[in-house]
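Topology and contacts: notes
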Amino acid sequence: MGGLPAGPRQALAGVLDGQPRLLGFDIHALGEGSDTVGEVKVRIAPPALEGARGSGEYLGEARGDSIVAASIDAYLQALNALLAEERNKVEAIMAAARS
């Protein structure tokens, strides 16, 4: 990160500070029996920071035979959504710094 201007560097560091907050974790069977597919929904928020950086909700959803694997997939989807939004903010700051 040393090559980034101060603004983007601080924005990226803010993404890495703390852990996302888990707001919801729902598991539902999509059928009956021990071999049914399960659906997992995960809702997360950014780490508790002041201002707009600490707000927002991100959803991840996954289905699978393994609830553990589906849970990991759903969490990663939500985390990727959070990081993608932060990346867009960093890119906008970098574009403005170049102008």
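The structure we're discussing is the one just above.
Every value quoted in this text rests on a predicted model; they were computed, and no experiment measured them.

1. Things to note about the overall build of the protein
Each helix and strand in the protein was counted, giving two helices and three strands. For the protein, the sequential pattern of α-helices and β-strands runs α-β-β-β-α. The buried share of the protein, reckoned over its 99 residues, is 27%. Of all intrachain contacts in the protein linking residues separated by at least 6 positions in sequence, the fraction that spans at least 24 positions is 44%. About 6,300 Å² of surface is accessible on the protein, with carbon and sulfur atoms providing 54% of the total.

2. Concerning the side chain of S71
Along the chain, S71 turns up in helix α2 (residues 67–98). Setting aside anything within four residues of it in sequence, one finds S71 in contact with F25, V40 and V42.

3. Brief notes about the pattern of salt bridges
Per the counting criterion, the structure on display carries two salt bridges. Taking the shortest distance from any N to any O, the salt bridge between R43 and E57 comes out at 2.8 Å. Of the two residues, R43 sits in strand β2 (residues 38–45) while E57 sits in the loop between β2 and β3 (58–64), which places them 14 residues apart along the sequence. Under the relative-accessibility criterion, E57 is labelled exposed at 52%.

4. A look at the nonpolar core
The biggest cluster of nonpolar side chains holds nine residues, and these are V40, V42, I44, Y58, A62, A70, A74, A78 and L82. Elements that contribute at least two residues to this core include exactly β2, β3 and α2.

5. A few points about a nonpolar patch on the surface
There is a patch of nonpolar side chains on the surface, built from L22, F25, I27 and I67 and spanning about 350 Å² of accessible area. Sort the elements by how many residues they give to the nonpolar patch and strand β1 (residues 21–29) lands first, with three residues. Tracing the backbone through its elements, the reader meets F25 in strand β1. Of the residues examined, F25 reaches a relative accessible area of 42% and is grouped as partly exposed.

Each value, and the rule that gives it
Residues numbered from 1 in each chain as written. Predicted model: local features only at pLDDT ≥ 70, side-chain atom pairs only at ≥ 80, totals over all residues. Heavy atoms only, no water. Helix = DSSP H or I, 4+ residues; strand = E, 2+ residues; numbered from the N terminus. Buried < 20%, exposed > 50% of the residue type's maximum accessible area, 1.4 Å probe, protein only. Contact = heavy atoms within 4.5 Å. Areas by Shrake-Rupley, 256 points an atom, 1.4 Å probe, with all protein chains shown as cover. Salt bridge = Lys/Arg side-chain N within 4 Å of Asp/Glu carboxyl O. Core = buried A, V, L, I, M, F, W, Y, C linked by side-chain atoms within 4.5 Å. Patch = residues over 30% accessible without salt bridge, like charges linked within 9 Å, V, L, I, M, F, W, Y side chains within 5 Å.

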